[in-house]
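Coordinate analysis (summary)
These are the residues of each chain, in order.
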Amino acid sequence: MRIVKKVIFIVIGIVLLLISVAIGIAGYFEDHAKQIIIEELNQRLDQKKARLEIEDINLSLLKKFPYASLDFKNSILKINTASSHGERATFPDTLFSFEHIYLEFNIRDLFEKNYSIKAVELKNGKVHYSIDEKGNDHTDIWNIPTDSTSSNFRFLLKKLLLK
């Protein structure tokens, strides 16, 4: 019975140690990962056509294990509805809103500081797709990068999950 108790305490100790290490690694790398990904999203999103609003971003190594994940909480993508005739840009039309958007990548990417998004999970949200009277669908909001070799951020999606 004593041996069983020792084994149980050792296993619990190892699990708690691993969880503590994972939380520490996430805390250490969170700011850098957020900075790289936010900069890249801002470069790729045409700021004249759309604006992404995010309440909070958190890095977790455990929530989507075996991947590390950035959790974009309460994200809203608003589309500019002003015409190109010099009107002031307004963003009343929402293209999508999600309670959580998880960008998932290998934990190794944190150490290499080179992020390849392998999976995206969209949770508890809505997509509002519409076409105006001229047939425009308002989804042409992304700038296509001309040189992807210099970026520390890539989309190599293997999975897109809508919940």
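The structure we're discussing is the one just above.
Residues numbered from 1 in each chain as written. Predicted model: local features only at pLDDT ≥ 70, side-chain atom pairs only at ≥ 80, totals over all residues. Heavy atoms only, no water.

Overview of the nonpolar core
Of all hydrophobic cores here, the largest spans 30 residues; its most connected members are Ile-37, Leu-70, Phe-72, Ile-101, Phe-105 and Leu-110. At the level of secondary structure, the elements contributing two or more residues to this core comprise α1 (2-44), β1 (50-60), β2 (67-79), β3 (93-106) and β4 (115-127). In terms of residues, this core owes the most to one element, α1, which gives 7 residues. Those residues in contact with Leu-110 that sit more than four places away from it in its chain are Ile-25, Phe-29, Ala-33, Leu-59, Leu-61, Ala-68, Phe-105 and Tyr-115. (Core = buried A, V, L, I, M, F, W, Y, C linked by side-chain atoms within 4.5 Å. Buried < 20%, exposed > 50% of the residue type's maximum accessible area, 1.4 Å probe, protein only. Helix = DSSP H or I, 4+ residues; strand = E, 2+ residues; numbered from the N terminus. Contact = heavy atoms within 4.5 Å.)

Remarks on the pattern of salt bridges
Applying the stated criterion across every chain, the model contains 5 salt bridges. For Asp-71, the salt bridge goes to Lys-63, with nearest N and O atoms at 3.6 Å. Overall, the relative accessible area of 47% leaves Lys-63 in the partly exposed class. Glu-121 is paired through a salt bridge with Lys-64; the nearest N and O atoms lie 2.6 Å apart. Placement of Glu-121 in strand β4 and of Lys-64 in the loop between β1 and β2 is noted, with a sequence separation of 57 residues between them. Given a relative accessible area of 16%, Lys-64 falls into the buried group. One network of salt bridges, in which partners are shared, links Lys-64, Glu-121 and Lys-163. (Salt bridge = Lys/Arg side-chain N within 4 Å of Asp/Glu carboxyl O.)

That is the geometry; function is a separate question.
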